[in-house]
Amino acid sequence: MKKILYVVHRYYPYPGGSEYYVKNMAEETLKRGHKVWVYSDAHKGDQNGIKLTSDISILNEKFDLIVVHGDCTTQNKVLENIEKIPSPVLYMLIKPGMNYHILRGIKHAKYVSYSTKIDKEFIEQIGTTNNVIYVPHGIPETSVGRSGFKEKYGISGKMILSCGGFWQHKGHIELADIFEQSGTNSTLVITGYWNNHHFRPKDRKNIKTFLFEDYEVVLDAISEADLYVMNSYEEGFGLVLLESMLNDIPWASRRVGGADQLKEYGYVYDTVDELQQILTAYNTEKVKQAKQFIIKNHLISNTVDNILKVIE
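What counts, and where the lines are drawn
- Residues numbered from 1 in each chain as written.
- Predicted model: local features only at pLDDT ≥ 70, side-chain atom pairs only at ≥ 80, totals over all residues.
- Heavy atoms only, no water.
- Helix = DSSP H or I, 4+ residues; strand = E, 2+ residues; numbered from the N terminus.
- Rg over C-alpha atoms; globule rule 2.2 N^0.38 Å.
- Buried < 20%, exposed > 50% of the residue type's maximum accessible area, 1.4 Å probe, protein only.
- Contact = heavy atoms within 4.5 Å.
- Areas by Shrake-Rupley, 256 points an atom, 1.4 Å probe, with all protein chains shown as cover.
- Lys, Arg positive; Asp, Glu negative; His and termini not counted.
- Charge placed at Lys NZ, Arg CZ, Asp CG, Glu CD.
- Pairing = 2+ DSSP bridges.
- Axes fitted to C-alpha atoms, helices over the stretch in contact; angles between N-to-C directions.

Caption draft 1: Looking closely at the overall build of the protein chain. When its secondary structure is counted, the protein chain shows 11 helices and 13 strands. Relative to a compact globule of 312 residues, whose C-alpha radius of gyration would be 20 Å, the protein chain shows 20 Å and is just as compact. Projected onto its principal axes, the C-alpha positions of the protein chain cover 60 × 40 × 40 Å. A burial count over the protein chain gives 57% of its 312 residues as buried. Taking as baseline every contact in the protein chain between residues at least 6 positions apart, the subset at least 24 positions apart corresponds to 61%. Counting only carbon and sulfur atoms, one obtains 48% of the accessible surface of the protein chain, whose full area is about 13,800 Å². Across the protein chain, the 36 positively charged side chains and the 38 negatively charged ones have centroids separated by 2 Å.

Here it is in structure tokens:
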């Protein structure tokens, strides 16, 4: 039995990709019989057997491994004190960037992990001498939606879907405008868990937006979509692409995060013209083998397998 500490800025039941990804890693680790803590500045107490704390003094305790997910408020506290921490640290590079905390993680953690080719190339560019390992992004095998979303929310005909917080980098307003100009005979549904009206498109004919914080509802929407679109300008990976594939849904994405390495199973675009063409001409051919690819390579069990290898 090992003692593991995960570090993230905000934890489930708060919504968001980081929140759920770390939750899934922590719970998969717990399921394997290890003791699991999460250090986070924003949480709602212990969850599903995982012990939560906002007390920075936990870093003085001895763990078999501390796993730091990317860089943000809480993670940066760990990275600022990394040389003083008595436990081995695995720094998970989530999105490359030349900022102080990312560079500290890459240079001073005992282990550094990557999930995409872009991550790996960035780590090699920095020139770390630490142990660099591959840790694939993964989702639970249970990430499958239930039927009834379209009926409940009054969506008829084909549905093109995009999800995520209503943030500028998600590109939702641009997506709505492109969709409207394409003349596609379907409904565009955009869901967000953070209601920033500056970046939430206005509802109009055949465009509907919803504020959802319930992850299960988002999965339900994904499972009934005819096409999922990730129009983000930046992503750490894009777990929604994995969720779409597990639900047998075609997807289209800008060339960000993990999209380029998954392009065999989806559509990757660089221009507005390319996206408009996809919106009117997508098909299901690319998703035929997608589910088996996810089950073999991108389940949360794959993620935790590679994390725990460093201490087993």
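Caption draft 2: Layout of the sheet that holds strand β3 (residues 51-53). With parallel pairing, seven strands are arranged side by side in an open sheet as β3-β2-β1-β4-β5-β6-β7. Of all the strands in the sheet, just β3 and β7 (131-134) have a single pairing partner and so form its edges. Here the strands of the sheet are splayed against their neighbours by 25 degrees on average, with no regard to which way each runs. Here strand β1 (residues 3-7) pairs with strand β4 (residues 65-69) via four bridges, running parallel. Bridging from a neighbouring strand, Tyr6 pairs with Val67 of β4. Across the sheet, helix α1 (residues 17-31) lies against β1, β2 (35-39), β4 and β5 (89-92), angled at about 175 degrees from β1, the strand it touches most.

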